[in-house]
Amino acid sequence: GKAVYDKSCAACHSAMAPKTGDKVAWAPLIKQGPAALTASVMKGKGAMPAKGGAASEADVKVAVEYMISQAK
């Protein structure tokens, strides 16, 4: 998860909301569950492109799980 995050997610999520590790911003997202967050990333949202720039759904899933772990 961390390797995919570092490659595909870190640049934006270190500067833009929801920032990685921001427990308050991530709390309502975490409540949706990893499957819902993965589905959202697969479609893209706002400035985030589909798959968040990751190569596959499997990559998205492990990156989402990593980001959730950083906000708990």
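Check the entry above for the structure.
Residues numbered from 1 in each chain as written. Predicted model: local features only at pLDDT ≥ 70, side-chain atom pairs only at ≥ 80, totals over all residues. Heavy atoms only, no water.

A. Region of the structure containing the overall build of the chain. Looking only at helices and strands, one finds four helices and zero strands in the chain. For the chain, the N- to C-terminal ordering of α and β elements is α-α-α-α. Relative to the 2.2 N^0.38 estimate, which gives 11 Å for 72 residues, the radius of gyration of the chain is 11 Å and therefore close to what a compact globule would have. Among the 72 residues that make up the chain, the fraction classed as buried is 26%. Across the chain, the fraction of contacts at a sequence separation of at least 24, relative to all contacts at a separation of at least 6, is 52%. Counting 10 positive and 5 negative side-chain charges, the chain places the averaged centre of each group 5 Å from the other. (Helix = DSSP H or I, 4+ residues; strand = E, 2+ residues; numbered from the N terminus. Rg over C-alpha atoms; globule rule 2.2 N^0.38 Å. Buried < 20%, exposed > 50% of the residue type's maximum accessible area, 1.4 Å probe, protein only. Contact = heavy atoms within 4.5 Å. Lys, Arg positive; Asp, Glu negative; His and termini not counted. Charge placed at Lys NZ, Arg CZ, Asp CG, Glu CD.)

B. Local environment of the nonpolar core. Grouped together as the largest cluster of nonpolar side chains are 15 residues, with contacts concentrated most on Tyr-5, Cys-9, Trp-26, Leu-37, Val-60, Val-64 and Met-67. Within the residue set of this core, elements represented by two or more residues are α1 (2-13), α3 (34-43) and α4 (57-70). It is α4 that provides the largest number of residues to this core, a total of six residues. (Core = buried A, V, L, I, M, F, W, Y, C linked by side-chain atoms within 4.5 Å.)

C. Structural context of the environment of Gln-70. Assignment of secondary structure puts Gln-70 in helix α4. Overall, the relative accessible area of 35% leaves Gln-70 in the partly exposed class. Sequence separation between Gln-70 and Gly-21 is 49 residues; the distance between their C-alpha atoms is 5.0 Å. Ignoring sequence-local partners within four residues, the contact set of Gln-70 consists of Thr-20 and Gly-21. Within the local environment of Gln-70, its side chain forms a polar contact with the side chain of Ser-69, the two groups lying 3.3 Å apart. (Polar contact = N/O pair within 3.5 Å; in protein donor to acceptor, adjacent residues only side chain to side chain.)

D. Main features of the side chain of His-13. The residue His-13 is located in helix α1 in this model. Using a relative accessible area of 16% as the deciding quantity, one classes His-13 as buried. The contacts of His-13, once residues within four sequence positions are left out, are Tyr-5, Pro-18, Lys-19, Thr-20, Trp-26, Met-48 and Met-67.

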